[in-house]
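Reading the structure
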There are 2 protein chains.
Amino acid sequence: MTLSSMSFNPSGLSTAEVEASELLYGGLAGDIRLLVDVAIRTRVGADRIAAARDLVRQAEQILAEDAPPEPAGIHFNTEGRSWNWGNAVVGVRNAIAPPVVLRWSDDGAVRSEVDLGAAYEGPPGCVHGGVSALMLDHIMGETASAAHTRLIVTGTLTLRYLRPLPLGRVHMQAQITNEDDRKVTVTAHLGCEAYGDEPAVEATGLFIVPRWAREGSVSGSLD
Amino acid sequence: MTLSSMSFNPSGLSTAEVEASELLYGGLAGDIRLLVDVAIRTRVGADRIAAARDLVRQAEQILAEDAPPEPAGIHFNTEGRSWNWGNAVVGVRNAIAPPVVLRWSDDGAVRSEVDLGAAYEGPPGCVHGGVSALMLDHIMGETASAAHTRLIVTGTLTLRYLRPLPLGRVHMQAQITNEDDRKVTVTAHLGCEAYGDEPAVEATGLFIVPRWAREGSVSGSLD
């Protein structure tokens, strides 16, 4: 399998239509996120579980009435808007994604705060180390794309786990620290308010601008 | 926040009761996984989305009738069985987890095959690089725990991304390559059938046996 600029789908949707669609299907994903969370925590008995499963299956059948098998992919329109609704970190239609919302700052740093509940657990009461890696990989890739002005892929990612990160609100930040031709180095950290300036996880990543993307018309992170 | 052997909860449940519970609540999580997937792919209109959301909310309310706020945690019983139902990678009650099922081999390697659908997307049609990191971190941590005979935490994790990994069935393998007092080095790779022996992602991890765990009675990966 190869990725190329053909992997991105031009769309006839206007930005207004994209935003209406995000509101509609994003609302559904939001409800499913609550369901995922309570399904981990519930203690109701077998009869109530059977009733809940029946409702979940009915909902699934309604949505399956018209559902092509393909994953969501990445799309863009002529207004410069792009969207990746199925993305595992930021996809607004993906109930697995928290979803993370990124903020680009004038200083070049990218930041985000996100609430991680019971579904992101690894050690007891803590964020799974791999979930920290998932979120850091994503924010670092988006950072390397320089606010979506170039297309990049992850080359190498190194994570240092310094202390356990409790479930709840976490914050992360990433910035470019070096650029050399097609290689972009990004550093990042992930923490929480209780730790102040001390990060729970630090990361360094080497991101690459693929040869095929240098002359291409598309841009963004391929995470 | 600190982790200690007190982070693990002794349980009065028998192994038979644990397995019955996994069947009951795991079935619910399985249904929700299908819902998460189709909610990304569906094209049904606003009226059908409203109907599906109503069903999802009803299911959520049933499960919330008795649902303590705490995450699932890690529990163990006197028969040597332990369970982490909310784990983001292997938790059978967590619809975010594929869930990954690990196989311990006589040669010391740990292997797993897993089907990754639309909810694990990053690049178009491909597994999110961070999802690869999430799964590798988990299998490597379990490997370092030497089949749950000691307790470990992740110190450093390095991932090398060699080629895009298509969504679908993927396989991974991890093995211990060095041990030095409290430090355990694990290597791993992730690939798919189309690539044969060529991995899509390679990883090296340094895992640590925490001081408090050396004389403790608990064991396992803290991922």
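Every chain's residues receive numbers from 1 upward, in the order its sequence appears when written. Just so you know, chain letters begin at A and ligand numbers begin at 1, following the order they were written in. Totals for whole chains, interfaces and linings use every residue, but because this is a predicted model, local features are given only for residues with pLDDT of at least 70 and side-chain atom pairs only at 80 or more, for both listing and counting. Excluding hydrogens and water, the side-chain figures rest on all heavy atoms present in the structure.

So, on to the packing of helix 2 (residues 46–64) of chain A against helix 1 (residues 15–41) of chain B. Axes here mean lines fitted to C-alpha atoms, for a helix over just the part in contact, with angles spanning 0 to 180 degrees between N-to-C directions. What counts as a helix is a DSSP run of H or I of at least four residues, what counts as a strand is a run of E of at least two, and both are numbered from the N terminus. Interaxial distance between helix 2 of chain A and helix 1 of chain B falls to 9 Å at its minimum, and their mutual angle equals 15°. The angle between helix 2 of chain A and helix 1 of chain B falls in the class roughly parallel. Where helix 2 of chain A crosses over helix 1 of chain B, the two elements pack in a sense that is left-handed. On helix 1 of chain B, the residues that touch Ala46(A), Ile49(A), Arg53(A), Val56(A), Arg57(A), Ala59(A), Glu60(A), Leu63(A) and Ala64(A) of helix 2 of chain A are Leu24(B), Tyr25(B), Gly27(B), Leu28(B), Asp31(B), Ile32(B), Leu34(B), Leu35(B), Val38(B) and Ala39(B). Each residue gets one of three labels, nonpolar for Ala, Val, Leu, Ile, Met, Phe, Trp, Tyr, Cys and Pro, charged for Asp, Glu, Lys and Arg, and polar for the others, Gly among them. For the contact of helix 2 of chain A with helix 1 of chain B, the residue count by class is 14 nonpolar, one polar and four charged. Roughly parallel here means an angle under 35 degrees, roughly antiparallel means over 145, roughly perpendicular means 65 to 115, and every remaining angle is called oblique. Handedness of a crossing is defined here by the sense of rotation of the near helix relative to the far one, left-handed for an anticlockwise turn of less than a right angle and right-handed for a clockwise turn. A contact between two residues is defined here by any heavy atoms of the two lying within 4.5 Å.

Put simply, buried Ala, Val, Leu, Ile, Met, Phe, Trp, Tyr and Cys residues joined by side-chain atoms within 4.5 Å make one nonpolar core. Note on exposure labels: buried denotes an accessible area under 20% of the residue type's maximum, exposed denotes more than 50%, and partly exposed covers the range between, all computed with a 1.4 Å probe on protein chains only. By size, the foremost hydrophobic cluster in this structure holds 119 residues, and its most contacted members are Leu136(A), Met140(A), Leu159(A), Leu136(B), Met140(B) and Leu159(B). Beyond its immediate chain neighbours, meaning those up to four positions away, Leu159(B) contacts Gly155(A), Thr156(A), Leu157(A), Leu159(A), Ala133(B), Leu136(B), Val201(B), Glu202(B) and Ala203(B).

Bringing the interface of chain A and chain B into the picture now. Taken together, the contact between chain A and chain B spans 83 residues of the former and 83 residues of the latter. Both sides of the chain A and chain B interface together cover about 7,900 Å² of buried area, and 67% of this is carbon and sulfur. Between Arg48(A) and Glu65(B) there is a salt bridge whose closest N-O contact spans 2.6 Å. For this analysis, a polar contact is any N or O atom pair within 3.5 Å, provided that within protein one partner can donate a hydrogen and the other can accept it, and provided that sequence-adjacent residues contribute only side-chain to side-chain pairs. Across the contact surface, chain A and chain B share 42 residue pairs in polar contact (both at pLDDT 80 or more). Two strands pair under a simple rule: DSSP has to find at least two bridges between them. Two elements, strand 6 (residues 151–161) of chain A and strand 6 (residues 151–161) of chain B, share five bridges in a ladder whose sense is antiparallel. Among the inter-strand pairings, Leu159(A) is bridged to a residue of strand 6 of chain B, identified as Leu157(B). Buried area, as used here, totals the accessible surface that two parts lose on assembly, with accessibility defined by a 1.4 Å probe and the loss added over both. One speaks of a salt bridge when a side-chain nitrogen belonging to Lys or Arg is within 4 Å of a carboxyl oxygen belonging to Asp or Glu.

These figures capture arrangement, not role.
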